[in-house]
Amino acid sequence: MKLLAVLKKEWFLLGMLLAIFAALLLPNLGRSGGGLQLDSVTGVGIAIIFFLHGVGLSPREIRQGIQNWRLHLLVQSTTFLFYPLLWLLLGDALHALMPSALAFGFCFLFTLPSTISSSVAMTSIAKGNVAGAVFNASLSSLLGVLITPLLVQLFMGFDGVSMDIGATVSAICKMLLLPMVTGQLLRPFLLNSFQRHKNVVNKIDKWVILLIVYNAFCDSVVENIWGGFSLTTLLLALLMCILVLLTVINGLVYVARKLHFSVEDEIAAVFCGSKKTLAAGVPMAKVIFGSDPNLGMLLLPIMLYHPIQIFYCAILANRYAARASD
């Protein structure tokens, strides 16, 4: 009975372990474009999450989120200043420890913007400042269209880099703003129902995260990133990803508490500031590096970092949520 009680309480963490195990057994079923079409399903799930946020967020909370300049400054400076600083500090050591293309892959990872969907979903699960997370994740993606190619060119010397800013802005608006604005417009009609079924609503983002974890690990298994490199190279890259993620997360927690952030703002800072986007990272890499034969090794760090950040941040979000409910 005690075991069942623990499993019921920690169903989300158990679900993530089962999602990873399922990805190892049935990778083609859950991969992007596979039998379950999870890339499309999770896209719909993300739209539902933002729609529900639109219903649940009061206009006052949205205004406070946008006006919270200290939170915005911390998140954006972590994404586009601290991460690139890591490359300046670690670049020589990475070149000495691993193949040059893999080292430059970490340079590319450090210049990428934050994610949108998982950052907001994790913040919601952790009961953090959702409005602040929405604003910062969106701003990071928009800034990244300009800043990431510039930083890559500065650090790696690539010329002729160009990105379709209009297409990126349009995609973000469709993914984020349209569902959220729709939810805001329908808030007066749906709020009572939303509050009555809040227990169910609060689980939707967790189910979407589980599908994203399964999809991410299926893609990594199908792409053979776990077997396409020597064990030493893979373990070294994996260890570096874990160390970077833990360093950034603990650094954000430390700074947020030193600046006397509320717990809600700390949560938004941690989940928006520590994340790096795979969804935008792969297309950016194809534009920046073109048909470079080392593209697979250049993408390895972000392909490793992506499932690691989702898995660890989901655990962290669960801890924050448990603390909030105590």
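The residue count restarts for each chain, going from 1 along the sequence in the order it is written. With the structure being a predicted model, the display of local features is reserved for residues of pLDDT at least 70 and the display and counting of side-chain atom pairs for 80 or more, all residues being used for whole-chain, interface and lining totals. Excluding hydrogens and water, the side-chain values take into account all heavy atoms of the structure.

A.B. asks: Whenever I open this one, the overall build of the protein chain confuses me. Can you help?
C.D. replies: Under the DSSP-based scheme used, a helix requires at least four consecutive residues in state H or I and a strand at least two consecutive residues in state E, with every element numbered from the N terminus. Within the protein chain, the regular secondary structure consists of 15 helices and zero strands. Across the 326 residues of the protein chain, 48% fall into the buried class. Only heavy atoms matter for contacts: two residues are in contact if any of them lie within 4.5 Å across the pair. Within the protein chain, contacts between residues separated by at least 24 positions form 85% of all contacts whose residues are at least 6 apart in sequence. The protein chains shown are the only cover counted for residues, whose accessible areas, like all others here, come from Shrake-Rupley with a 1.4 Å probe. Accessible surface, the protein chain as shown: approximately 15,400 Å² in total, 67% of it carbon and sulfur. Here's how the labels work: a residue is buried when its accessible area is under 20% of the maximum for its type, exposed when over 50%, partly exposed in between, all with a 1.4 Å probe on protein chains only.

A.B. asks: Help me understand the packing of helix 6 (residues 69-97) against helix 7 (residues 100-111) in this model?
C.D. replies: Packed helices, taken two at a time, are described by the angle their axes make and the gap between the axes. Note on method: axes are straight lines fitted to C-alpha atoms, helices fitted across the in-contact stretch only, with angles between N-to-C directions ranging 0 to 180 degrees. Where helix 6 meets helix 7, the closest approach of the two axes is 8 Å, and the angle between their N-to-C directions is 170 degrees. The pairing of helix 6 with helix 7 is recorded here as roughly antiparallel in orientation. The element helix 6 and its partner helix 7 pack so that their crossing is right-handed. Residues Thr79, Phe80, Tyr83, Pro84, Leu86, Trp87, Leu94 and His95 of helix 6 touch helix 7, and the partners they reach there are Ser100, Ala103, Phe104, Phe106, Cys107, Phe110 and Thr111. Classifying every residue of the contact of helix 6 with helix 7 by side-chain character gives eleven nonpolar, four polar and no charged. Convention used here: angles under 35 degrees read as roughly parallel, angles over 145 as roughly antiparallel, angles from 65 to 115 as roughly perpendicular, and any remaining angle as oblique. Each helix crossing is assigned a hand: it is left-handed if the near helix lies turned anticlockwise from the far helix by less than a right angle, otherwise right-handed if that turn is clockwise. Note that Gly is not counted as nonpolar here; it falls among the polar residues with everything else outside the nonpolar set of Ala, Val, Leu, Ile, Met, Phe, Trp, Tyr, Cys and Pro and the charged set of Asp, Glu, Lys and Arg.

A.B. asks: Please clarify how the packing of aromatic side chains should be interpreted in this entry.
C.D. replies: The geometry of an aromatic ring pair comes down to the distance between the two centres and the angle between the two planes. Aromatic contacts are taken between Phe, Tyr and Trp rings whose centres are within 6.5 Å, Trp giving its six-membered ring; a plane angle under 30 degrees counts as stacked, one over 60 as edge-to-face, and the others as tilted. Under the counting rule described, the total for this entry stands at four aromatic pairs. Aromatic pair Tyr83 and Phe110: ring centres 6.1 Å apart, planes at 35 degrees, arrangement tilted. Residue Tyr83 is found in helix 6, and its partner Phe110 is found in helix 7; the two are separated by 27 residues along the sequence. Just as Tyr83 is buried, Phe110 falls in that class too. Ring centres 6.2 Å apart and planes at 55 degrees place the aromatic pair Phe106 and Phe110 in the tilted group. Of this pair, Phe106 and Phe110 both sit in helix 7, four residues apart, which is roughly one turn of that helix. A single burial state applies to Phe106 and to Phe110, both of which are buried. Only when the NZ of Lys or the CZ of Arg is both within 6 Å of the ring centre and within 35 degrees of the ring normal is a charge said to sit over the ring. Above the face of the Tyr83 ring, Lys276 is positioned so that its terminal group lies 4.1 Å from the ring centre.

A.B. asks: I keep staring at helix 4 (residues 38-56) and nothing clicks. Help me out?
C.D. replies: The periodicity of an α-helix, 3.6 residues per turn, causes residues three or four positions apart to be oriented the same way. Expected helix span is given by 1.5 Å per residue-to-residue step, counting one fewer step than there are residues. Between its first and last C-alpha atoms helix 4 spans 26 Å; for 19 residues at 1.5 Å apiece the expected length is 27 Å, and the two agree. Considered for burial, the residues of helix 4 that qualify are Leu38, Thr42, Gly45, Ile46, Ile49, Phe50, Leu52, His53, Gly54 and Val55.

A.B. asks: Explain helix 8 (residues 117-125) to me, please; I cannot follow it from the model alone.
C.D. replies: The buried count for helix 8 comes to nine of nine residues, which makes it a mostly enclosed element. The complete set of buried residues in helix 8 reads Ser117, Ser118, Ser119, Val120, Ala121, Met122, Thr123, Ser124 and Ile125. Two residues or fewer after helix 8 comes Lys127, characterised by a positive phi angle close to 65 degrees.

A.B. asks: What am I meant to see in the nonpolar core here?
C.D. replies: A general trend in soluble globular proteins is that nonpolar side chains are found buried together. The biggest cluster of nonpolar side chains holds 85 residues, and the ones touching the most others in it are Phe106, Phe108, Ile209 and Phe271. The leading source of residues in this core is helix 15 (residues 295-325), at 15 residues. Those residues within four positions of Ile209 in sequence are excluded, and the remaining contacts are Phe12, Ser118, Ala121, Met122, Ile125 and Ala314. Definition of nonpolar core: a set of buried residues of the types Ala, Val, Leu, Ile, Met, Phe, Trp, Tyr and Cys, connected through side-chain atoms within 4.5 Å.

A.B. asks: Would you take a moment to explain the packing of helix 6 against helix 9 (residues 130-156) for this structure?
C.D. replies: Look at helix 6 against helix 9: their axes get within 10 Å of each other, and the N-to-C directions meet at 25 degrees. The orientation of helix 6 relative to helix 9 falls into the category roughly parallel. Considering only the axes of helix 6 and helix 9, their crossing is right-handed. When helix 6 is examined against helix 9, the residues Leu71, His72, Val75, Gln76, Thr79, Phe80, Pro84, Trp87 and Leu88 are found in contact with a partner set consisting of Gly132, Phe135, Asn136, Leu139, Ser140, Leu143, Gly144, Ile147, Thr148, Leu151 and Phe155. In terms of residue class, the contact of helix 6 with helix 9 is built from twelve nonpolar, eight polar and no charged.

A.B. asks: In this structure, what is going on with the confidence of the model for the protein chain? I would like to understand it.
C.D. replies: Chain-level pLDDT for the protein chain is 81 on average; 84% of the residues reach the 70-or-more range. One confidence number per residue, pLDDT, is output by the predictor and ranges from 0 to 100. Per-element averaging of pLDDT across the protein chain places helix 1 (residues 2-9) at the bottom with 63 and helix 13 (residues 263-273) at the top with 94.

A.B. asks: Where do I start with the pattern of salt bridges in this structure?
C.D. replies: A pairing counts as a salt bridge when a side-chain nitrogen of Lys or Arg comes within 4 Å of a carboxyl oxygen of Asp or Glu. What the rule picks out here adds up to one salt bridge. The salt bridge partner of Glu266 is Arg257, with a shortest N-O separation of 3.0 Å. For Glu266, a relative accessible area of 3% gives the class buried.

A.B. asks: Honestly, unusual backbone geometry in this entry has me stumped. Any pointers?
C.D. replies: For residues besides glycine, phi is generally negative; the peptide bonds are generally trans as well. Phi is positive for Lys127, close to 65 degrees, though the residue is something other than glycine. Looking at the element boundaries, Lys127 is found in the loop between helix 8 and helix 9. Positive phi is not limited to glycine here, since His260 has a value of about 60 degrees. Position of His260 relative to the elements: it lies in the loop between helix 12 (231-258) and helix 13.

A.B. asks: Explain a nonpolar patch on the surface to me, please; I cannot follow it from the model alone.
C.D. replies: What goes into a patch is any residue over 30% in relative accessible area without a salt bridge, connected to like charges within 9 Å or, for nonpolar side chains (Val, Leu, Ile, Met, Phe, Trp, Tyr), within 5 Å. Taken together, the side chains of Phe21, Leu24, Leu25, Leu26, Leu29 and Leu36 present a nonpolar region at the surface, about 590 Å² in accessible area. With three residues, the top contributor of residues to the nonpolar patch is helix 2 (residues 11-25).

A.B. asks: Would you mind going over the side chain of Thr79 with me for this structure?
C.D. replies: Relative to the assigned elements, Thr79 resides in helix 6. Non-local contacts of Thr79, meaning those with residues more than four positions away in its chain, are made with Pro84, Phe110, Leu112, Pro113, Ser114, Ser140, Cys272, Gly273 and Lys276.

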